[in-house]
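For reference, the chains in residue letters:
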Amino acid sequence: MKILVLGSGAREHAIVKALIRTGTPAAEIVCAPGNAGIAQDVTCVPLNANDPAAVTTYATVEKFELCIIGPEAPLVAGVSDALRAAGIPVFGPSQKAAALEGSKSFAKEIMAAADVPTGMAHECSTMEEVEAALDDFGAPYVVKADGLAAGKGVIVTSDRKAALEHAAKFIDMGILVEEFLDGEEVSLFFLADGKNVVPLTPAQDFKRAYDHDEGPNTGGMGAYSPLPWLPAGFVEEVQRTVAQPTIDELARLGEPFVGLLYCGLIVTKRGIRVIEFNARFGDPETQVVLRRLITPLAGLLRAAATGNLETAPDPIFTDEVAITVVLASEGYPDKAAPNRPIHGLHHAAAVEGVEVCHAATVQDGDHLVATGGRVLSVVAIGKNFEHARKHAYEAIGHIKLEGSHYRKDIAKKVAN
Ligand code: AMP
Ligand code: GLY
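Residues numbered from 1 in each chain as written. Chains lettered and ligands numbered in written order. Predicted model: local features only at pLDDT ≥ 70, side-chain atom pairs only at ≥ 80, totals over all residues. Heavy atoms only, no water.

Draft legend 1. Highlighting the sheet that holds strand β8 (residues 154–157). Spatially, four strands are ordered β6-β9-β7-β8 in an open sheet, and the strand pairing comes out antiparallel. Each end of this open sheet is capped by a strand with a single partner; those strands are β6 (121–124) and β8. In this sheet, neighbouring strand axes are inclined to one another by 20° on average, regardless of whether the strands run parallel or antiparallel. Direction of pairing for strand β7 (residues 141–145) relative to β8: antiparallel, over a ladder of four bridges. When the bridges of β8 are listed, V143 appears paired with I155. (Pairing = 2+ DSSP bridges. Helix = DSSP H or I, 4+ residues; strand = E, 2+ residues; numbered from the N terminus. Axes fitted to C-alpha atoms, helices over the stretch in contact; angles between N-to-C directions.)

Structure below.
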């Protein structure tokens, strides 16, 4: 099956590696635009993944049988709509259905209509409304920009002044002030074909920049899967009370959701609550979820893309556990670092059970260069978390990138 993967991050590298690991020949996969690491595994083409016309022309000429959209930007730009109109099966929702991620108020409307459990929230368009909403819920305050803000739109703080400053920065987009939800966070992905949903396996993301969940929110500094502390029946409950009703409501509105429904959840004392939906695979959770997948990924995603999940096999995951640790450049997430050389990757990849997914890397002659942000995701699989952690941290210890940082506590609490 000829497959085009759009995107250039560690998530897309993990998708490419999972396609190959589960049976798709590397020669049948193309990534656009990809990065220096993905180019070591499959052909990369310098195509603007956010340009619907360019992607559709290329995909039509090259006769791709499946297009997998990694990031949200192409969804927002309408790339999936253009591909679908050209008759190419695409794993990624329409521009309108992707508003589930792009607009927090749209997501809240869908959840209200579908009776999906989520935090109470006030929509605010003036600072006076924000102040009133903060007072209504009290501290700690949760303030969210109502639009795509590259992972920087949310603040959780007990400092009223900081909450107001954050709101003022994004007030033009609209602000959602939400009740604070206390509990463990879970990311659970569902494949969706417009009508049916199929769960993958739960993972936990580490959103804060530093150990012990300190520092600013990031795109995600690490993840692990599975979550041994989840109650029995958790996945089925999320499917029944969250994923299926959400997909049904979108179908009812004439906007069937085809692609990946990312349910960001908090398990509170009063039950499961949705804190966000995304319309795409999560990064870095994908690195651990797909690392454990045994069922052929290409077949699953094509079944979703063509409305045939009912006839697809249920995804099977290995009992082995996976963890990923993200190596970020100096100053991330606040400041951009200059381009710097990376060394030691061969050593890292040689560690038992380890693979390295690239995000912000380019090849400069013989050298691999980091171009800022989240640079690499080191992924380790093992028979238990102690094992997987040992290997992931041994591997990341071999990587030399001036000024870089990573969290030391990924999956620590589940390791013996
Ligand atoms: P979001 O972009 O909505 O996922 O929010 C980013 C992060 O902020 C989440 O991963 C949570 O850690 C935190 N967060 C969001 N909403 C809430 C909430 N209502 N209560 C507590 N923490 C939250
Ligand atoms: N890891 C969080 C996200 O992908 O949005």
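Still to come is the rest of the account.
Draft legend 2. Here's a closer look at helix α13 (residues 385–398). Spanning 14 residues, α13 covers 20 Å between terminal C-alpha atoms, matching the ideal 20 Å at 1.5 Å per step. Within the span of α13, buried status applies to F385, A388, R389, H391, A392, Y393, A395 and I396. Where α13 is buried, its residues touch β15 (222–225), β18 (321–328), α12 (345–349), β20 (354–358) and β23 (374–382). The residue sitting at the N-terminus of α13 and contributing the capping side-chain oxygen is N384; that oxygen lies 3.2 Å from the backbone nitrogen of E386. (Expected span 1.5 Å × (residues − 1). Buried < 20%, exposed > 50% of the residue type's maximum accessible area, 1.4 Å probe, protein only. Contact = heavy atoms within 4.5 Å. Polar contact = N/O pair within 3.5 Å; in protein donor to acceptor, adjacent residues only side chain to side chain.)

Draft legend 3. Molecular detail of the site of ligand 2. With respect to spatial proximity, the complete set of residues near ligand 2 consists of D205, K207, G219, Y262, N278, R280, G282, D283, P284 and E285. D205 places a polar side-chain atom, nitrogen or oxygen, 2.8 Å from a nitrogen atom of ligand 2. The contact in question runs from an oxygen atom of ligand 2 to an N or O atom on the side chain of R280, over 2.9 Å. Calculation on ligand 2 without its partners gives an accessible area of 200 Å², and the protein chains cover 90% of this total. Tallied by class, the residues present in the shell around ligand 2 amount to two nonpolar, three polar and five charged. (Near = heavy atom within 4 Å. Areas by Shrake-Rupley, 256 points an atom, 1.4 Å probe, with all protein chains shown as cover. Nonpolar A, V, L, I, M, F, W, Y, C, P; charged D, E, K, R; others polar.)

Draft legend 4. Fine view of the site of ligand 1. Residues in contact with ligand 1 amount to 14 residues; listed here are only the nearest, E178, E179, L181, E185 and E276. At 2.3 Å from an oxygen atom of ligand 1 is found a side-chain nitrogen or oxygen belonging to E185. At a separation of 2.9 Å, an oxygen atom of ligand 1 approaches a polar side-chain atom of E276. Summarising the interface, the protein chains cover 89% of the accessible area of ligand 1, which totals 470 Å² for the free molecule. For the shell around ligand 1, the elements supplying multiple residues, two or more each, are β7, β8 and β17 (271–278). Taken together, the residues of the shell around ligand 1 sort by class into six nonpolar, one polar and seven charged.

Draft legend 5. View of the sheet that holds strand β10 (residues 184–193). In spatial order, the strands read β11-β10-β16-β17; together these four strands make up an open sheet with antiparallel pairing. Only two strands of the sheet have a single partner each, and these edge strands are β11 (197–199) and β17. Averaged over all pairs of adjacent strands, the angle between their axes in this sheet comes to 35°, without regard to strand direction. Sheet topology note: the β10/strand β16 (residues 258–268) ladder contains ten bridges and is antiparallel. Paired with A192 across the strands is G259, a residue of β16. Each of β10, β11, β16 and β17 is contacted by helix α9 (residues 234–252), which is oriented at about 55° to β10, the strand it contacts most.

Draft legend 6. Local environment of helix α11 (residues 297–305). With seven of its nine residues buried, α11 lies for the most part within the structure. Listed in full, the buried residues belonging to α11 are L297, A298, L300, L301, A303, A304 and A305. Tucked into the core, α11 has its buried residues touching β1 (3–7), α1 (10–21), β4 (66–69), β5 (90–91), β10 and β16.

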